[in-house]
Amino acid sequence: MTSLQDLDPSTTALIVIDMQRDFCSPGGYAHQAGLDIARMQAVVGQVKALLVAARAAGLHVFHTREGHLPDLSDCPPAKLARSVAAGAPIGSAGPLGRLLVRGEQGHDFVPELRPLSCEHVIDKPGYGAFHKTTLGALLSAFGIRRLLLCGVTTEVCVHSTLREAIDRGFFCTTVGDATAASQAELQAPALAMIGVEGGIFGGVCSTAEAVQALNALPRANREAA
């Protein structure tokens, strides 16, 4: 099930989840926590292809960033404790600045995937993109009903955002090969559970399928990457 048959650019948005240096670059949070950042780096090309196609079709594009205020007042103690256990305490100093802190180099997007000025940046303190953010209100204001999701990591922030979106009534399609799990063995199960019970969490498609569907839509007069 891909859910791409009736894409309408006026009611569809692309959500690019947490393609930040803290998760994709050497010295960032994920690297400090011992995760295989090569897995995250490997999907940059697929996400870029989705961005190009979505921009050409005139979709609203949202980029999310996970991170916290410099005083960590928006970081729950349980989350901070988990980061300590992972060996990468949130707020500690790293080669890209303080880990997962807004405004630091690591909090910024990887250079290949920088948002355009017409696109929306959602800074979030949690794993899901709706929690304590303006995402829900913006999607409602724009009349968005269908979401295409990509980014990292599949089993945490992608799934958290997807499940929140489903509970809010959105039709969702996850672009499977434009997501990456923190461990190779988690990727297939994380994608497989989306389709249970007739697609309880929407559909899954490939980048090629999504790009083909987007390219079939009328071209939009928007700034290109």
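Everything below is about the structure shown above.
This is a predicted model, so every value here is computed, not measured.

Draft legend 1. Representation of the sheet that holds strand β4 (residues 146-152) within the structure. Overall, parallel pairing links the six strands, which are arranged β3-β2-β1-β4-β5-β6 in an open sheet. Looking along the sheet, the strands with just one partner apiece sit at the ends: β3 (120-124) and β6 (203-205). Put simply, the sheet's adjacent strands are angled 25° from each other on average, direction ignored. Pairing analysis gives six bridges linking strand β1 (residues 12-17) to β4, with the strands arranged parallel.

Draft legend 2. Representation of the side chain of S83 within the structure. Here S83 is to be found in helix α5 (residues 77-85). Looking at S83, the relative accessible area reads 2%, which means it is buried. At 2.7 Å, the side chain of S83 forms a polar contact with the backbone oxygen of L80. With sequence-adjacent residues up to four places away left out, S83 is seen in contact with Y29, A88, P89 and I90.

Draft legend 3. Spotlight on the packing of aromatic side chains. A full pass over the atoms with the stated rule returns three aromatic pairs. Each ring, one from F23 and one from Y29, has its centre 6.2 Å from the other, and the planes form 80°; the classification is edge-to-face. What makes Y29 buried here is its relative accessible area of 15%.

Draft legend 4. Main features of the nonpolar core. The biggest cluster of nonpolar side chains holds 43 residues, and the ones touching the most others in it are L14, M19, V47, L50 and L214. For this core, the secondary structure elements donating two or more residues are β1, α1 (21-24), α2 (29-32), α3 (37-41), α4 (44-57), β4, β5 (171-180) and α10 (207-215). Considering every element that reaches this core, the biggest residue donor is α4, with seven residues. With residues up to four places along the chain from it excluded, the contact list for V47 reads V16, M19, L113, C150 and A178.

Draft legend 5. The arrangement of the packing of helix α7 (residues 154-167) against helix α8 (residues 184-192) in detail. The interhelical angle for the contact between α7 and α8, taken along N-to-C directions, is 20°, at an axis separation of 10 Å. On the basis of the axis angle, α7 is roughly parallel to α8. Between α7 and α8 lies a crossing of right-handed hand. Residue-level contacts link T154, E155 and H159 of α7 to L186, Q187, A190 and L191 of α8. Split into classes, the residues belonging to the contact of α7 with α8 amount to three nonpolar, three polar and one charged.

Conventions and cut-offs
- Going along each chain's sequence as written, the residues are numbered from 1 onward.
- Owing to the predicted nature of the model, reporting of local features is limited to residues with pLDDT of at least 70; listing and counting of side-chain atom pairs is limited to 80 or more, with chain, interface and lining totals taken over all residues.
- Excluded from the side-chain calculation are hydrogens and water; included are all heavy atoms of the structure.
- Pairs of strands are assigned from DSSP output, requiring at least two bridges between the strands.
- Helix and strand definitions here come from DSSP, where helices need a minimum of 4 consecutive H or I residues and strands a minimum of 2 consecutive E residues; each element is numbered from the N-terminal end.
- In this analysis, axes come from line fits to C-alpha atoms, helices being fitted only over the stretch in contact, and the angle between any two N-to-C directions falls in the range 0 to 180 degrees.
- Exposed residues in this analysis have more than 50% of their type's maximum accessible area, buried residues have under 20%, and partly exposed residues fall in between, with area computed by a 1.4 Å probe over protein chains only.
- Think of a polar contact as two N or O atoms within 3.5 Å of one another; within protein, one of them needs to be a possible hydrogen donor and the other a possible acceptor, and neighboring residues in sequence only count if both atoms come from side chains.
- We call two residues contacting when some pair of their heavy atoms lies within 4.5 Å.
- Between the rings of Phe, Tyr and Trp (Trp by its six-membered ring), a pair exists once the centres lie within 6.5 Å; its type follows the angle of the planes, with under 30 degrees stacked, over 60 edge-to-face, and the other angles tilted.
- Residues belong to a common nonpolar core when they are buried Ala, Val, Leu, Ile, Met, Phe, Trp, Tyr or Cys residues joined through side-chain atoms within 4.5 Å.
- Each angle gets one of four labels, with under 35 degrees taken as roughly parallel, over 145 as roughly antiparallel, 65 to 115 as roughly perpendicular, and the rest as oblique.
- Helix crossings are classified by the rotation of the near helix relative to the far one: an anticlockwise turn of less than a right angle makes the crossing left-handed, while a clockwise turn makes it right-handed.
- In this classification, Asp, Glu, Lys and Arg are treated as charged, Ala, Val, Leu, Ile, Met, Phe, Trp, Tyr, Cys and Pro as nonpolar, and every other residue, Gly included, as polar.

Any link to function would need more than the numbers given here.
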